[in-house]
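Notes for the structure review
As a plain string of letters, each chain reads:
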Amino acid sequence: MSQIPVIAIDGPSASGKGTVAALVAQRLGYHYLDSGSLYRLTALAAARSGVPCDDEAAVAGLAFALPAEFAGGRTILDGEDVTDAIRSEACSADASRVAALPTVRRALLERQRAYRQAPGLVAEGRDMGSVVFPDALLKVFLTASAEARAERRVKQLIEKGMSANIHTLLRDLQERDARDAARSVAPLQKGADAELLETTQLTIEQAVQKVLVWYRSRFHSLH
Ligand code: DC
């Protein structure tokens, strides 16, 4: 078992876990893994090569050989900057479909584990604590009400100059949550060993502090 510490942050779509995880990583000087982007990239790669989302073997092949790079906050697929393209609603829906395929999840497993580099890793997704890093030093299940998450997402899209409809967003979000929670492999759920962080009434900074306090107490009891 690796001694390099991992903080696993799991939770539903648009819960703010990406923002919180990236800030925690920055404060600790740790590496950061946004595992959802790998499912999004797989979905985009499939769409671009005309592979249907439910062709499990073909999608897993694409996932395994994904020509993806992360550089300076940008996401590159096969040489093209797809940072915005992977955040579209269409890509979000396709990502949730490909993420339900067991062979695709297996194809991405080692790639995710390779992010565990010194001095530590903050990994966020749906199964970081349950499957990818079961020996994480701290596991957090970060959530917020569906309404608060839809509102946050609308704000983000408007800031990016994209149009957004709260009702459609809320419905899509609830559909994705249901699919992510109902799938047979690595469903989205809070593990018994995870701390619950309910952020509906918290600021980003309060959520970050809460994670850091939990983490420091675990880290110090080890050293
Ligand atoms: O976190 P996100 O919204 O970028 O994730 C995109 C999709 O990928 C979402 O439907 C859930 C899925 N996902 C997953 O199944 N397992 C992960 N570790 C991360 C994301």
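Scroll up to find the structure.
A brief look at the structure comes next.

Right, let's talk about the site of the ligand for a bit. By nearness alone, 16 residues border the ligand, and Arg40, Arg105, Arg126, Asp127 and Arg183 come closest of all. The contact in question runs from an oxygen atom of the ligand to an N or O atom on the side chain of Arg40, over 2.6 Å. Contacts to the ligand include Arg126, whose side-chain N or O atom sits 2.8 Å from an oxygen atom. Within the complex, 96% of the 450 Å² of free accessible area of the ligand lies under protein. Elements supplying a minimum of two residues to the shell around the ligand: α2 (35–48) and α4 (89–98). At four residues, the largest contribution of residues to the shell around the ligand is made by α2. For the shell around the ligand, a count of residues per class yields four nonpolar, four polar and eight charged.

With antiparallel pairing, the three strands of this open sheet are ordered in space as β3-β4-β5. Lying at the two open borders of the sheet, with one neighbouring strand each, are β3 (68–71) and β5 (80–81). Here two bridges tie strand β4 (residues 74–77) to β5, and the two strands are oriented antiparallel to one another. Bridged to Ile76 within β5 is Asp81.

Pairing is parallel across the open sheet formed by five strands, whose spatial order is β2-β6-β1-β7-β8. The open sheet is flanked by β2 (31–34) and β8 (195–198), the only strands paired with a single partner. Neighbouring strand axes in the sheet, compared pairwise and without regard to direction, differ in orientation by 20° on average. In the sheet, β2 pairs with strand β6 (residues 121–125) via four bridges, with the strands oriented parallel.

On to helix α7 (residues 146–159), then. Between its terminal C-alpha atoms α7 stretches 20 Å, which fits the 20 Å expected from 14 residues at 1.5 Å a residue. Among all positions of α7, only Ala146, Ala148, Arg149, Ala150, Arg153, Val154 and Leu157 are buried. Elements in contact with the buried residues of α7: α4 and α8 (166–182). Where α7 ends, the next residue or the one after it, Gly161, has phi of about 80°, a positive value.

Scanning all chains against the criterion turns up two aromatic pairs. Taking 6.0 Å as the distance between ring centres and 85° as the angle between the ring planes, the aromatic pair formed by Tyr30 and Tyr215 counts as edge-to-face. Of this pair, Tyr30 sits in the loop between α1 (17–28) and β2 while Tyr215 sits in helix α9 (residues 204–222), placing them 185 residues apart in sequence. For the pair formed by Tyr30 and Tyr215, the shared burial category is buried. Taken together, a centroid distance of 5.6 Å and an interplanar angle of 40° make the contact between Tyr215 and Phe219 tilted. With Tyr215 and Phe219 both in helix α9 and four residues apart, the pair spans about one turn of that helix. Using a relative accessible area of 2% as the deciding quantity, one classes Tyr215 as buried. Given a relative accessible area of 25%, Phe219 falls into the partly exposed group. An aromatic cluster of three or more residues is present, and its members are Tyr30, Tyr215 and Phe219.

Conventions used here
- Residues numbered from 1 in each chain as written.
- Predicted model: local features only at pLDDT ≥ 70, side-chain atom pairs only at ≥ 80, totals over all residues.
- Heavy atoms only, no water.
- Near = heavy atom within 4 Å.
- Polar contact = N/O pair within 3.5 Å; in protein donor to acceptor, adjacent residues only side chain to side chain.
- Areas by Shrake-Rupley, 256 points an atom, 1.4 Å probe, with all protein chains shown as cover.
- Helix = DSSP H or I, 4+ residues; strand = E, 2+ residues; numbered from the N terminus.
- Nonpolar A, V, L, I, M, F, W, Y, C, P; charged D, E, K, R; others polar.
- Pairing = 2+ DSSP bridges.
- Axes fitted to C-alpha atoms, helices over the stretch in contact; angles between N-to-C directions.
- Expected span 1.5 Å × (residues − 1).
- Buried < 20%, exposed > 50% of the residue type's maximum accessible area, 1.4 Å probe, protein only.
- Contact = heavy atoms within 4.5 Å.
- Phe/Tyr/Trp six-rings, centres within 6.5 Å; stacked < 30°, edge-to-face > 60°.

Fair warning: the whole summary comes from geometry, so function is off the table for now.
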